Amino acid sequence: MILNLESIWRIFHQKLKNSQKIHFKSILELIKNCLKPIYETLIILDCCNASNFDLPFILHEGKFKRRNDNFIDHDIMVITSCRSNEKAISQDSGSTFTQFLLKEKLKRNLSYIIDNVSKNITRITGHIQNIVVACSLPQKAYFYHWFTKSKMIYTKEISYIVI
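Description of the structure in this document. (Residues numbered from 1 in each chain as written. Predicted model: local features only at pLDDT ≥ 70, side-chain atom pairs only at ≥ 80, totals over all residues. Heavy atoms only, no water.)

### Quick word on the overall build of the protein chain
Of regular secondary structure, the protein chain possesses 5 helices and 7 strands. Look at the contacts in the protein chain between residues 6 or more apart in sequence, and 73% of them connect residues 24 or more apart. Total accessible area on the protein chain is roughly 10,000 Å²; 52% of this is exposed by carbon and sulfur atoms. (Helix = DSSP H or I, 4+ residues; strand = E, 2+ residues; numbered from the N terminus. Contact = heavy atoms within 4.5 Å. Areas by Shrake-Rupley, 256 points an atom, 1.4 Å probe, with all protein chains shown as cover.)

Structure follows, in structure tokens:
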């Protein structure tokens with residue numbers, strides 16, 4: 001049975017409402033089990049101790065490098081504000097990572113964006129955050145085209161979840 005992202009969000013919302021923990025692996029399993037592999041899925045985690053879902057490729061020096069033998073037939077990209085053993089920084093104005101990421105997203109080149117976001121967080125807060133980008137399928141180090149459009153058009157094929 002294929003569910004849409006709204007259905008997945010309802011599942012998460014119910015767990016949060018009941019004070020249940022949501023494990024990162026359960027998010028990945030829901031995506032794999034509920035969405036067709038034709039969808040491009042972008043997950044941005046702006047939280048402390050974020051997971052990269054153990055996806056097989058990680059962005060390193062501008063290229064995706066294989067780091068494990070996991071196979072996932074869905075096109076999934078995860079961008080985390082910090083490593084799994086780090087804390088994400090925020091200020092009175094909100095998340096520094098999200099603010100800079102959204103300002104930089106139109107440039108498309110992930111290495112350039114991640115470097116700039118990292119430098120800006122350190123410059124503004126004095127805190128070092130190691131941003132992680134991981135994916136399931138090897139690709140060029142660019143954001144999905146639909147995410148970087150200045151005016152995003154959402155169709156039934158393009159959905160998003162904000163958790």
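### Comments concerning the nonpolar core
In this structure, F64, M77, I79, F97, L110, V117 and V133 are the most contacted members of the largest nonpolar core, which totals 17 residues. With 5 residues, helix α4 (residues 110-125) is the largest single contributor of residues to this core. Core analysis: the second largest hydrophobic core is formed by 14 residues, I27, I31, F53 and L55 among them. (Core = buried A, V, L, I, M, F, W, Y, C linked by side-chain atoms within 4.5 Å. Buried < 20%, exposed > 50% of the residue type's maximum accessible area, 1.4 Å probe, protein only.)

### Looking at the state of the cysteines
Taken as a whole, this structure holds 0 disulfides when the rule is applied. For C48, which is in no disulfide, the shortest distance to another cysteine sulfur is to C82 and amounts to 5.8 Å. (Disulfide = S-S within 2.5 Å.)

### Looking at the sheet that holds strand β1 (residues 40-45)
Reading across the sheet, the 5 strands line up as β1-β4-β7-β2-β3 and stay open at both edges, with mixed pairing between neighbours. Each having just a single partner strand, β1 and β3 (63-66) make up the two edges of the open sheet. If you compare each strand with its neighbour and ignore which way they point, the axes differ by 25° on average. Of the pairings in the sheet, the one linking strand β2 (residues 57-60) to strand β7 (residues 132-135) comprises 2 bridges and is antiparallel in character. Counted as the bridge partner of F57 is C135 from β7. Relative to the sheet, α4 contacts β2, β3, β4 (75-80) and β7, its axis offset from that of β4 by approximately 20°. (Pairing = 2+ DSSP bridges. Axes fitted to C-alpha atoms, helices over the stretch in contact; angles between N-to-C directions.)

### Let's talk about the layout of surface pockets
Within this model, the second largest pocket holds a volume of roughly 390 Å³. What lines the second largest pocket is a set of 17 residues, and nearest its centre among them are L59, E61, I114, D115 and I131. When contributions to the lining of the second largest pocket are tallied by element, the ones reaching two or more residues are β2, α4 and β7. With 5 residues, the single largest contributor to the lining of the second largest pocket is α4. Considered class by class, the residues forming the lining of the second largest pocket number 7 nonpolar, 7 polar and 3 charged. (1 Å grid on protein atoms, 1.4 Å probe; cavity = no way out; pocket = protein on both sides within 12 Å on 5 of 7 lines; lining within 4 Å. Points joined across faces, edges and corners; volume = space filled by probe spheres on them. Nonpolar A, V, L, I, M, F, W, Y, C, P; charged D, E, K, R; others polar.)

### A word on helix α2 (residues 24-34)
For α2, every residue scored as buried is listed here: I27, L28, L30, I31 and C34. One face of α2 carries all of its buried residues, which in axial projection span an arc of 160°. Residues of α2 that are exposed and point more than 90 degrees away from the buried face comprise K25 and N33. (Arc of directions from axis to C-beta.)

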